[in-house]
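These are the residues of each chain, in order.
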Amino acid sequence: MGRTVRAETIVLWLCLAVVAIAGLAPIALMVFESVWHNGHFSLNHYRELILTARFWPLLGNSIRLALATATVCGLIGVPTGIFFAKSDLPLRSGFMWLLTVPFVLPPYFIALGWSRVVARTGVTTSDWLFGFGGCVLVLSSVFLPIVTLLTFASASNVDGRLEEAGRLASGWPAVVRRITLPLSAPGILFSLVLVFLLAIGELSVPSFLRYPVLPVLSFTQFAASYNFGAATAAAVPLAALAFLGVLIEAALLQNRVYTFRSIGCGLVIPLDRWKPFVAAMLGLLSVALVILPLSALFADAFSLTAMREALQRAGASVVRSVIYSAIAATILMTLGFLLGHLTRDRGQRLVNFLTLSLFAIPGTVLSIGLIRLWNSPMTWLIYTTPALLMLGYTAQYCAVTTRLSLAGFFLIPKTLDEAARLSGASWARRLFRIFVPLSTRTLICAWLAAYILCLRDVPLALMTAPPGGDPLPARILTLMANGAPSLIASLCLIMAIASLVPLAILARVIRAQAIPA
Amino acid sequence: MNHIELDGVSKTFGERVVLSDLSLKIEKAERLVLFGPSGSGKTTVLRLVAGLEVPDKGEIRIEGRIVANSGKNFVPPEKRNVGMVFQDLALWPHMTVQQNLMFGLNARRIQKREAEVRVREMLHRVGLEHRTEAKPHQLSGGEQQRVALARALVSRPSILLMDEPLSSLEEERKCAIASDLLDLHSQFGFTLVYVTHDRAETDLLASRVCQMRDGRVA
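Residues numbered from 1 in each chain as written. Chains lettered and ligands numbered in written order. Predicted model: local features only at pLDDT ≥ 70, side-chain atom pairs only at ≥ 80, totals over all residues.

What about the overall build of chain A?
Then comes step 1: Of regular secondary structure, chain A possesses 23 helices and 2 strands.
Then comes step 2: Relative to the 2.2 N^0.38 estimate, which gives 24 Å for 517 residues, the radius of gyration of chain A is 23 Å and therefore close to what a compact globule would have.
Then comes step 3: When burial is assessed residue by residue, chain A has 50% of its 517 residues classed as buried.
Then comes step 4: Long-range pairs, those at least 24 residues apart, make up 86% of the contacts in chain A between residues at least 6 apart in sequence. (Helix = DSSP H or I, 4+ residues; strand = E, 2+ residues; numbered from the N terminus. Rg over C-alpha atoms; globule rule 2.2 N^0.38 Å. Buried ≥ 20, exposed ≤ 12 C-beta atoms within 10 Å, placed from the backbone. Contact = placed C-beta atoms within 7 Å.)

Some points on the interface of chain B and chain A
Then comes step 1: Chain B puts 22 residues into the contact, and the matching count from chain A is 22 residues.
Then comes step 2: Listing elements by their share of the side of chain B that touches chain A, those giving two or more residues are strand S7 (82–85) and helix H2 (97–107) of chain B.
Then comes step 3: Considered class by class, the residues forming the side of chain B that touches chain A number 12 nonpolar, 6 polar and 4 charged. (Nonpolar A, V, L, I, M, F, W, Y, C, P; charged D, E, K, R; others polar.)

Considering the sheet that holds strand S6 (residues 72–73) of chain B
Residues and elements named next belong to chain B.
Then comes step 1: Sheet architecture is open: 5 strands sit in the order S2-S1-S4-S5-S6, paired in antiparallel fashion. In the strand order of this sheet, the two ends are held by strand S2 (16–27) and S6, each with one partner.
Then comes step 2: Each of strand S1 (2–13), S2 and strand S4 (57–62) touches helix H1 (residues 42–50); the most contacted strand, S1, lies at about 115 degrees to it. (Pairing = 2+ DSSP bridges. Axes fitted to C-alpha atoms, helices over the stretch in contact; angles between N-to-C directions.)

As for the nonpolar core
Then comes step 1: Ranked by internal contacts, the top residues of the largest apolar core, which has 161 residues, are Val195, Ala450 and Cys492 of chain A.
Then comes step 2: Broken down by element, this core gets its largest block of residues, 15 residues, from helix H6 (residues 132–157) of chain A.
Then comes step 3: Grouped together as the second largest cluster of nonpolar side chains are 71 residues, Val67, Val126, Val147 and Met162 of chain B included. (Core = buried A, V, L, I, M, F, W, Y, C linked by C-beta atoms within 7 Å.)

Things to note about the packing of helix H10 (residues 214–223) of chain A against helix H15 (residues 363–374) of chain A
Residue and element names in this part refer to chain A.
Then comes step 1: The contact between H10 and H15 brings their axes to 9 Å, and the two run at 25 degrees. Comparing the axis directions of H10 and H15 gives the class roughly parallel. Of the two elements, H10 crosses H15, and the hand of that crossing is left-handed. When H10 is examined against H15, the residues Pro215, Ser218, Phe219 and Phe222 are found in contact with a partner set consisting of Thr364, Val365 and Ile368.
Then comes step 2: Among the residues forming the contact of H10 with H15, the class breakdown is 5 nonpolar, 2 polar and no charged. (Parallel < 35°, antiparallel > 145°, perpendicular 65-115°, else oblique. Left-handed = near helix turned anticlockwise from the far one by under 90°.)

Comments concerning the sheet that holds strand S8 (residues 159–163) of chain B
Residues and elements named next belong to chain B.
Then comes step 1: A sheet is described by the order of its strands in space; here 6 strands give the open sequence S7-S8-S9-S3-S10-S11, paired in mixed fashion. What marks the edges here is a single partner per strand, and that holds for S7 and strand S11 (216–217).
Then comes step 2: With 2 bridges joining them, strand S10 (residues 208–213) and S11 adopt antiparallel strand pairing. Bridged to Arg213 within S11 is Arg216.
Then comes step 3: Most of the contacts of H1 go to S8, to which it runs at about 150 degrees, and overall it touches strand S3 (31–35), S7, S8, strand S9 (191–196) and S10.

As for the packing of helix H3 (residues 55–86) of chain A against H6 of chain A
Residues and elements named next belong to chain A.
Then comes step 1: Orientation of H3 relative to H6, taken along the N-to-C sense of each, is 35 degrees, at an axis distance of 6 Å. Considering the relative orientation of H3 and H6, their crossing is right-handed.
Then comes step 2: Taken together, the residues that form the contact of H3 with H6 break down as 18 nonpolar, 9 polar and 1 charged.

Some words on the confidence of the model for chain B
Then comes step 1: Looking at chain B as a whole, its pLDDT mean stands at 91, while 100% of the residues score no less than 70.
Then comes step 2: In the model output, the complex is listed with pTM 0.84 alongside ipTM 0.86. (pLDDT = per-residue confidence, 0-100.)

A closer look at the pairing of strand S5 (residues 65–69) of chain B
On any regular strand, side chains alternate: one points to one face of the sheet, the next to the other face.
Residues and elements named next belong to chain B.
Then comes step 1: Here 4 bridges tie S4 to S5, and the two strands are oriented antiparallel to one another. Residue pairing for S5: Glu59 is matched across the bridge by Asn69.
Then comes step 2: Counted between consecutive antiparallel strands, the loop separating S4 from S5 contains 2 residues, among which Glu63 sits at a positive phi close to 50 degrees.
Then comes step 3: In this sheet, S6 lies alongside S5 in antiparallel orientation, the contact comprising 2 bridges. Paired with Asn69 across the strands is Lys72, a residue of S6.
Then comes step 4: Hairpin connection between S5 and S6: a loop of 2 residues separates the two successive antiparallel strands, and Ser70 in this loop has a positive phi of roughly 30 degrees.

Pasting the structure below:
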């Protein structure tokens with residue numbers, strides 16, 4: 001249908017090619033090489049892996065840890081999200097942002113913080129922290145915001161009129177149980193699947209707290225033994241679990257996109273005399289999960305000597321982290337915006353499925369695939385530069401920017417585009433003159449979300465950054481082995497500032513008024 | 001020659017048959033009102049003529065040229081020289097009144113000076129020359145209707161499609177805008193296809209009425 005359609009199609013194919021090169025090709029190559037040995041099909045790597053005495057306990061540990069984390073997050077996050085969305089609780093947004101802080105920091109920060117708490121009490125080792133219990137505590141703190149925020153968003157999206165109709169017939173507990181929760185269930189289940197997937201692929205926390213899981217095996221096979229076959233074979237079950245999780249998500253949500261727009265006033269849970277009690281409980285939760293470990297972590301940071309040493313030893317990593325994350329966020333924002341725009345009417349399910357699969361795949365698995373694909377003399381320009389890290393970030397996080405963009409597009413009436421089309425505007429003109437100005441808030445949110453996710457990422461930073469070019473999370477992890485606590489604390493504080501400043505901007509952007517319709 | 005012809009057009013959305021073997025001929029400069037209850041397929045007819053939907057079966061011709069035929073659009077919406085006033089008006093909220101009108105002229109590469117003259121004239125015609133720098137949300141409902149009408153006409157389309165644009169206005173304003181529309185029609189001579197379920201609007205505007213029911217001409 002003329003030149004305009006061709007332009008759209010070309011851009012769509014280019015975007016899909018970027019996703020394929022960054023994420024699908026490395027995973028496909030990895031799966032292929034795990035079953036292709038000496039020029040023929042072979043399951044030797046898998047046979048060896050399965051026969052290894054360690055494999056089944058490690059797989060069991062991974063699943064146990066992920067299930068426990070998802071359960072704890074569900075038990076705390078769902079009621080908290082419902083209270084945030086539906087009650088007259090004081091300081092709701094303050095609590096919400098406070099509980100979100102652990103998610104925007106590298107996951108091992110909370111583990112490190114707890115180790116400081118334990119050290120300050122005079123105990124050098126602690127069975128409860130260094131093991132399964134500690135891992136569940138730390139990962140629950142880190143991933144709790146996912147469940148809380150998605151429950152909040154889902155409950156806020158429930159049509160208020162349905163709750164008001166229910167309220168005429170029964171009290172608020174019944175309305176929450178019979179109307180709000182069932183209607184929010186897909187979003188809540190999605191958040192739990194997401195937590196399960198992120199927890200099962202987590203590397204830094206189990207490795208710091210010495211709890212043996214499959215990603216640690218995959219990483220050590222790769223980093224210590226440099227055994228690609230074994231590392232790949234250990235990584236493929238994780239990729240398969242991620243794929244299974246995404247299939248469950250697709251079945252649960254059927255690619256529903258949350259627009260974060262509530263209809264009507266809806267239910268308000270009147271806390272009345274329970275207000276101080278619920279606020280105190282949430283305060284206690286915030287202290288236990290956020291304030292206590294982070295204040296213990298940052299306590300040693302406030303010394304000029306430590307800060308100077310931190311900047312001397314890792315100043316370049318700080319700059320690199322910010323620059324890499326900013327570049328990746330710009331790529332991700334653009335890619336997500338274009339993919340969202342081009343698939344808002346057609347092909348959305350496929351793109352959602354592909355990008356979410358890449359998001360769910362553990363960073364260690366993706367890193368191994370990327371290194372395997374690009375580590376050749378012909379592609380040294382990518383392998384030995386930050387380009388490899390950029391590819392990793394792009395593959396891992398384009399689901400986030402694509403979904404955010406799609407949610408934004410659904411808030412723009414379709415007739416605005418149709419009116420522009422009838423005015424004679426080409427696709428590119430409509431994109432830049434109508435959609436971009438109307439999506440400013442979406443674009444800023446997508447950029448900041450991508451920036452925070454890239455900045456806090458550990459596995460990709462650890463495995464795909466060029467030699468001598470490691471970003472801050474990887475640098476801190478390396479220095480943790482022999483650095484003084486005050487040095488580590490200062491570096492963590494710098495990292496936290498770099499992550500929390502954008503979070504504060506994000507909070508302001510979300511609060512800001514949209515263009516009036 | 002007929003200006004617009006729909007020949008045996010059918011359209012379904014999922015399981016729902018919206019238009020069934022519809023044939024309709026509209027003459028040049030005619031003011032046809034498509035009248036009927038909700039869900040009778042009136043809006044779909046407009047969207048098919050505009051090129052925003054593709055017919056599953058049948059053929060659509062504009063000025064004798066086939067623009068769409070059984071699942072294919074041969075002429076995209078931006079090339080059909082059609083103006084449309086949407087039910088929700090679809091004014092671009094981030095642009096001023098002037099920018100809303102200039103957008104289409106810029107897209108059609110009309111020279112800047114000529115475009116400015118045309119916009120000024122059109123805003124004068126609809127009585128909004130003093131509101132050029134206002135954004136849509138700063139206008140009253142009636143003013144928004146006039147901007148939408150001016151935007152649809154500023155690029156001088158040969159066909160104007162209107163999808164219940166006056167439904168949200170009170171009677172007095174409705175009559176004023178209908179009267180303006182008739183003046184503009186006599187000045188520019190476009191073919192008007194107007195969708196409504198309001199008998200009063202039909203009486204005000206129609207040179208011919210086409211009653212629709214269940215996707216067919218009743």
